[in-house]
Amino acid sequence: MANRRSLMHRLAILAAAVACSARFAPDQSTLAMPHKGNPQGSFVLVAKKIYTGSAGPAWVLSPGVIVVRDGKIVAIGTDVADAPADLPVVHLRDAIVTPGLVAAATSFVSPHTGDESIAAGYRAIDAFDPYGDYQEALAGGVTTIHLDPGGHRLLTGQGAVVRLGGPQSAGVLREQADLTINFGEQAFRPPPSVKFQTPASSDVAIPPAIRQRPDSRLGQFAALREAIEAAESAKTRNFHQSALADAWEKNAPLRIQVQRGADMAGALRFLNDHRADRSAAGAPRRGYIVGGAQADVVRARLAEAGVPLVFTIASGFRSIPGDIGFDPDALEADTRALSTLHGIPIALAGPLEPARPSDRDTFAGPRPRRGGPGMESPDSDTGGSGESLADLRLAAATALRAGLTERQVIEGITRVPAEILGVADRVGSLAPGLDADLAVFSDDPFSTGSHAMLVYVAGNVAFEAPGAGALVVRAGTVWVDETTQITNGAVLVEDGRIAAVGRTVPHPPFARVIDAGPGGFVAPGLIDAFGHLGFEGDRAATDPDLSPAVMIGVPDVAEKRVARAGVTTVMTSSYAASGQGSQIAAIRTWGAGRDDRVVRETAGVHFDFRSADPIDVGERLDRRLKAGKEYLEKWLKYEKEFAEWKVKKASGELDEMEKKPETVQVVEKKGDPITGTWEATLSGGPIPEPQTATMKLRLTGSDVEGRISIPGQPGEQKVTGTFDGKRLSAKLDVETPFGPPTIEAELVEEDYLKGKVAVADIQIDFEARRTDKSDVEFKVTRSRTHGKDGRPLPPPIDEGLEPLRAVLQRKIPISVTVLTEAQIAEILKIAEQYDVHLVLRDADGAAAHAEALADRSAGVVVGKQIVTRTEDEGRRVWYHQSDDLSRKGVSIAFQSDAEDGARALPWIGLHAVERGLSADAALAAFTTQPSRMFKLDEEIGSLHPGRLGDLVIFNGHPFLPGSGIERVIINGVEVE
């Protein structure tokens, strides 16, 4: 019946855990990646900071709120209270939002393959694949790009402006955005023009090739002027002439790509000489310059003309650039020119390499032609163009070194390029009426560790960062442990564990970043050194073989309350302790489920001897540890024999082992002091009247085995134990809620035993006399000790003694609740005798043994009452146990002795500091010291690499006035 009750009790605990899991399962994806599951088209976005890209004074909002409806921005500000109630709210507490980045110069599509020096009919848009996969570019926050028809001819065609991602209908912003002209060496000496007869005929000779211009700087202007005049005056125009005449008549912007200062000056003259309305008094033709390597040479003329400049920044982020060589005229990119270009509208872009159709290794490979002749789409599988676009933000960040302000750089990759490309009415800034193109970064956009976590195009999610499982937390103070604190430091949590800590740490791609600011204080998660979280009011003692971890599942509201208070681990045990010892489990307060929450199933064994006589304390603990020691010795013997067997097996010494019988009939000799029949008497304790029992025992060596008939118990019960010549130590094979009863008796004279029978804290007087020395008749069944191949077999596992086995191997501590100096003295004797790691709980008299406790590295979980009244030479005085023990070198920890009452532990620590304990000592008492007490310092309690990713962000030292908890991270996941 006892076994059945125990089984039903465990099933009830497991059922409660499953029910809790079903009701309170948190959305871990939401906690790990707070931007997951964002709505499409219409929403309210709340971020830590928003760079609007606007030319007005409100260019940065902190915090910021954007209201998006049907893909358009309808409002932007700083107060979420004004947001429409019908829209879902996307909270991005740590995010920095900018307009989607605009790349005004790209090699995104391959240049056309035609030989014509002037080829206005080629359209870059025909090489663009609107269905392509542009995730690489979007991952850099780039949403809008210019498509360049090429830089290898004098006039390569017409550029376009497109968006990447988002609805297909919103992809093309401008099909014919400009006429692209290239001044400089890259356009010199085009191949000869050959016109083949169509259809071919043997009667008509192939005309000779015609040399094309330009081949000099003067020649490029003449060639272009003549081509324009011919296109305008020709009665019959070919394909390219028609396109040129049409674009020229419509005053299409001229995109003039140059590098050298002389070509830039020539471009300014060209724009000034060709008026938009053909009159000398008319405005210069619209246009802008792309390049800038020698822009400082003509900065005054640029400023006077007011012609915008797309400054291309050469970068070698992904590979080392080629050698410049020994040519003294070779161009060397230098962003320092930017510091001289005051008063000039400047857009920043990545490098635009001079492109030639034969340079197939420079550009993405060809794809089937789309639309116009001669243009080829990029091979999006190569990712080359996408990679260079993804580096736009880093390329622009180098401009900060040249002296540009952060605002100038941000506008240089958002609003200004949008204005230059003629699409500022749609993209490039964040204002009501514009498209909701947003780039959400994990950190400051120009931080090297920042990454785009989320990109919207026209209010639709076009890119969402993959779950990196990484988190970077920065703060003014990182409290690693009581000896190491880092000023302006950072912690990297990766895959649920701390991967790095220091002044700087790695920033894996798409890692989430939390910047707590210069006043932020990052500490390890706090530890409740003795609590009952999850027991839900059940105050019964748990069996010694049952870990509280079996009832752990998905956290409930109680766990969340404790977690939000900064307590990330609770040393959980039952309210009452079994006389045989109850297990303590190290449980995290938050997580996706049991696997995330259980730090260690058995982290200690707890005994409660508060009400026991001091001498009795030592005897009871000694009996239990002695049983554990015998159990351990059996395992040590097995491990030794198994190691020897492996050596012999490897050396080939072993032959086939003789199989031992499953059972043997043991026949013992007569005449020993134990074998025979005994009449026992039980009295005292809870037994109102003496009871008798009959025992049949057999002694084999020092092992005792037998049967006992107990009043009130049907049949015979098995007895096993040992006899050392004078003392009998045995246990009965009877299941009780407090473990099996034990017999400790001494052979005080021949045929007479006297001692105690103990069950938990209950002791009964025991005496027995041998009435018959004859051999007893019962069969002793023994398990095989060796396998078929001769290998030793392990001893039977005793779940009730397994925790004590770990205690005696110093893997976990033994925790004892005691009060008086005398009780502590007895406990210290036993701890020294068995060499166990000791944790005392409450221990009002611990100060008298402070030196011994410190020498043994024993810890004290101080009482819940921080300051108590005590007597000192007849005077009642206040006594502060935690401060006293801490100053005497004893490790201390704090306890809740409650379930969700642990949420108040930070206040207890603050009270302890107010009463004299140092703030750092209090923090150590909640972190490093309890972790060492329970042999968990390789898992929790500090922020060293390899520890679990449990940390708390405060806005100051946790135990100084005015500070409070800002964020709680458990397993690398924020408790929202």
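Here the structure is a predicted model, which means the values were calculated and not measured. (Residues numbered from 1 in each chain as written. Predicted model: local features only at pLDDT ≥ 70, side-chain atom pairs only at ≥ 80, totals over all residues. Heavy atoms only, no water.)

Visitor: Mind showing me how you'd approach helix α14 (residues 614–651) here?
Guide: The periodicity of an α-helix, 3.6 residues per turn, causes residues three or four positions apart to be oriented the same way. Across its 38 residues, α14 extends 55 Å between first and last C-alpha, which sits within 8% of the 56 Å expected from 1.5 Å per residue. With a side-chain oxygen lying 3.0 Å from the backbone nitrogen of I615, the N-terminal cap of α14 falls on D613. Just beyond α14, the residue with positive phi is G652, at close to 80 degrees. (Helix = DSSP H or I, 4+ residues; strand = E, 2+ residues; numbered from the N terminus. Expected span 1.5 Å × (residues − 1). Polar contact = N/O pair within 3.5 Å; in protein donor to acceptor, adjacent residues only side chain to side chain.)

Visitor: Quick question: what am I supposed to make of the side chain of D437 here?
Guide: Position of D437 among the secondary structure elements: in the loop between α11 (415–420) and β14 (438–441). A distance of 2.8 Å separates a polar side-chain atom of D437 from the backbone nitrogen of A458.

Visitor: It is not clear to me how the pattern of salt bridges should be interpreted in this structure. Could you clarify?
Guide: Two side chains that carry opposite charge are able to pair once their charged atoms sit near each other. This model, assessed by the stated rule, comprises 51 salt bridges. Among the ionic pairs, D798 bridges to K731, the shortest N-O distance being 3.4 Å. Taken together, the residues span a long stretch of sequence, with D798 in the loop between β33 (762–772) and α15 (802–808) and K731 in strand β30 (residues 727–732) at a distance of 67 residues. Look at K731 and you get partly exposed, because its relative accessible area is 33%. For D897, the salt bridge goes to K864, with nearest N and O atoms at 3.8 Å. Remark: K864 occurs in the loop between β36 (859–862) and β37 (867–872) and D897 occurs in the loop between β39 (891–893) and α19 (905–914); sequence separation between them is 33 residues. Overall, the relative accessible area of 21% leaves D897 in the partly exposed class. Exposure remark for K864: the relative accessible area of 48% places this residue in the partly exposed category. (Salt bridge = Lys/Arg side-chain N within 4 Å of Asp/Glu carboxyl O. Buried < 20%, exposed > 50% of the residue type's maximum accessible area, 1.4 Å probe, protein only.)

Visitor: In this structure, what is going on with helix α16 (residues 821–834)? I would like to understand it.
Guide: Here α16 is 14 residues long and its end C-alpha atoms lie 20 Å apart, about the 20 Å a rise of 1.5 Å per residue gives. Within the sequence span of α16, burial applies to Q823, I824, E826, I827, L828, I830, A831 and Y834. The inward-facing, buried residues of α16 contact α14, α15, β34 (814–818), β35 (838–842) and α17 (850–855). The positive-phi residue at the C-terminal boundary of α16 is D835, with phi of around 55 degrees. (Contact = heavy atoms within 4.5 Å.)

Visitor: Honestly, the packing of aromatic side chains in this entry has me stumped. Any pointers?
Guide: Here the distance between the centres and the angle between the planes together describe a pair of aromatic rings. Inspection of the entire model under this criterion finds 14 aromatic pairs. An angle of 20 degrees between the planes, with centres 5.8 Å apart, marks the rings of F642 and W645 as stacked. Taken together, the positions of F642 and W645, both in helix α14 and three residues apart, correspond to about one turn of that helix. Since its relative accessible area comes to 23%, F642 is described here as partly exposed. Among the aromatic residues, those joined into a cluster by ring pairs are Y631, W635, Y638, F642 and W645. (Phe/Tyr/Trp six-rings, centres within 6.5 Å; stacked < 30°, edge-to-face > 60°.)

Visitor: Help me understand the sheet that holds strand β26 (residues 676–684), please; the structure alone is not making it clear to me.
Guide: As a general point, the strands of a sheet are linked pairwise by backbone hydrogen bonds and lie either parallel or antiparallel. Within the closed barrel, the eight strands sit side by side as β26-β27-β28-β29-β30-β31-β32-β33. Their pairing is antiparallel. Taking each pair of neighbouring strands and ignoring which way they run, the sheet shows an average axis angle of 30 degrees. Taken together, the six bridges between strand β28 (residues 703–709) and strand β29 (residues 717–723) define a ladder with antiparallel strand orientation. The residue bridging V704 from the neighbouring strand is G721, located in β29. (Pairing = 2+ DSSP bridges. Axes fitted to C-alpha atoms, helices over the stretch in contact; angles between N-to-C directions.)

Visitor: Which parts of the structure should I look at to understand the sheet that holds β34?
Guide: If you trace the eight strands from one edge of the open sheet to the other, you get β22-β23-β24-β25-β34-β35-β36-β39, paired in mixed fashion. In the strand order of this sheet, the two ends are held by β22 (526–531) and β39, each with one partner. Between one strand axis and the next, the sheet turns through 25 degrees on average, direction left out of account.

Visitor: Hey, could you run me through the nonpolar core in this one?
Guide: In a soluble, globular protein the nonpolar side chains are often hidden away together inside. Counting residues in hydrophobic clusters, the biggest one holds 86 residues, and the most contacted among them are L147, F183, F270 and L348. Within the second largest apolar cluster, 70 residues are counted, among which are L533, V617, W635 and A850. (Core = buried A, V, L, I, M, F, W, Y, C linked by side-chain atoms within 4.5 Å.)

Visitor: How should the pairing of strand β25 (residues 598–608) be read in this particular structure?
Guide: Regular strands have side chains that alternate between both faces of the sheet. As judged from the five bridges shared by strand β24 (residues 582–588) and β25, these two strands associate in the antiparallel manner. Looking at β25, one finds that I584 is bridged to G604. Relative to β34, β25 runs parallel, the two being bridged by four bridges. By the bridge assignment, V605 is partnered in β34 with I814.

Visitor: For this particular structure, what's the right way to read a nonpolar patch on the surface?
Guide: A cluster of nonpolar side chains, contributed by V194, F196 and I206, occupies part of the molecular surface with about 320 Å² of accessible area. Tracing the backbone through its elements, the reader meets V194 in the loop between β9 (172–182) and α4 (217–233). (Patch = residues over 30% accessible without salt bridge, like charges linked within 9 Å, V, L, I, M, F, W, Y side chains within 5 Å. Areas by Shrake-Rupley, 256 points an atom, 1.4 Å probe, with all protein chains shown as cover.)

Visitor: Could you clarify how one ought to interpret unusual backbone geometry in this entry?
Guide: Negative phi is the rule for most residues except glycine; trans is the rule for most peptide bonds. Along the chain, S62 connects to P63 via a cis peptide bond; the corresponding omega equals -5 degrees. By secondary structure assignment, the location of P63 is in the loop between β2 (60–61) and β3 (64–69). Of note, the amide linkage connecting R213 to P214 takes the cis form, showing an omega dihedral of 10 degrees. Phi is positive for D751, which is not a glycine, with a value near 65 degrees. Relative to the helices and strands, D751 resides in the loop between β31 (742–749) and β32 (752–759). Taking the relative accessible area as the measure of exposure, D751 reaches 16% and is therefore buried.

Visitor: So what exactly am I meant to see when it comes to the packing of α4 against helix α5 (residues 239–249) here?
Guide: A packed helix pair is summarised by two numbers, namely the angle formed by the two axes and the spacing between the axes. The interhelical angle for the contact between α4 and α5, taken along N-to-C directions, is 95 degrees, at an axis separation of 8 Å. Relative to α5, the element α4 is oriented roughly perpendicular. Contacts between α4 and α5 involve A227, I228, A230, A231 and E232 from the former and Q241, L244, A245 and W248 from the latter. Looking at side-chain class alone, the contact of α4 with α5 contains seven nonpolar, one polar and one charged residues. (Parallel < 35°, antiparallel > 145°, perpendicular 65-115°, else oblique. Nonpolar A, V, L, I, M, F, W, Y, C, P; charged D, E, K, R; others polar.)

Visitor: Sorry if this is basic, but what is going on with the side chain of R947 here?
Guide: Within the secondary structure, R947 sits in the loop between α21 (928–933) and β40 (951–954). Here P945 takes part through its backbone oxygen, which lies 3.3 Å from a polar atom of the side chain of R947. Contacts of R947, omitting those with residues within four sequence positions, involve R497, I498, D937, E938, E939 and S942.

Visitor: Help me understand the confidence of the model for the chain, please; the structure alone is not making it clear to me.
Guide: Averaged over every residue, the pLDDT of the chain is 86; residues scoring 70 or more account for 86%. Across residues 377–384 the pLDDT falls below 50, and counting only partners more than four positions away or on other chains, this stretch makes 22 contacts in the model. (pLDDT = per-residue confidence, 0-100.)

Visitor: Just checking my understanding: could you explain the packing of α4 against helix α6 (residues 261–273) for this structure?
Guide: Their axes nearest at 11 Å, the elements α4 and α6 cross at an angle of 25 degrees. As summarised for this structure, α4 and α6 are arranged roughly parallel, according to the angle between their axes. In the crossing of α4 with α6, the sense of the turn from one axis to the other is right-handed. Contacts between α4 and α6 involve R217, Q220, F221, L224 and I228 from the first element and A262, D263, G266, R269 and F270 from the second. The residue makeup of the contact of α4 with α6, split by class, is five nonpolar, two polar and three charged. (Left-handed = near helix turned anticlockwise from the far one by under 90°.)

Visitor: Just checking my understanding: could you explain the environment of V258 for this structure?
Guide: Along the chain, the position of V258 falls in the loop between β10 (254–257) and α6. For the pair V258 and G184, spaced 74 residues apart in sequence, the C-alpha to C-alpha distance is 6.3 Å. Leave out the neighbours within four places in its chain, and V258 touches F183, D263, M264, I289, V290, G291 and G292.

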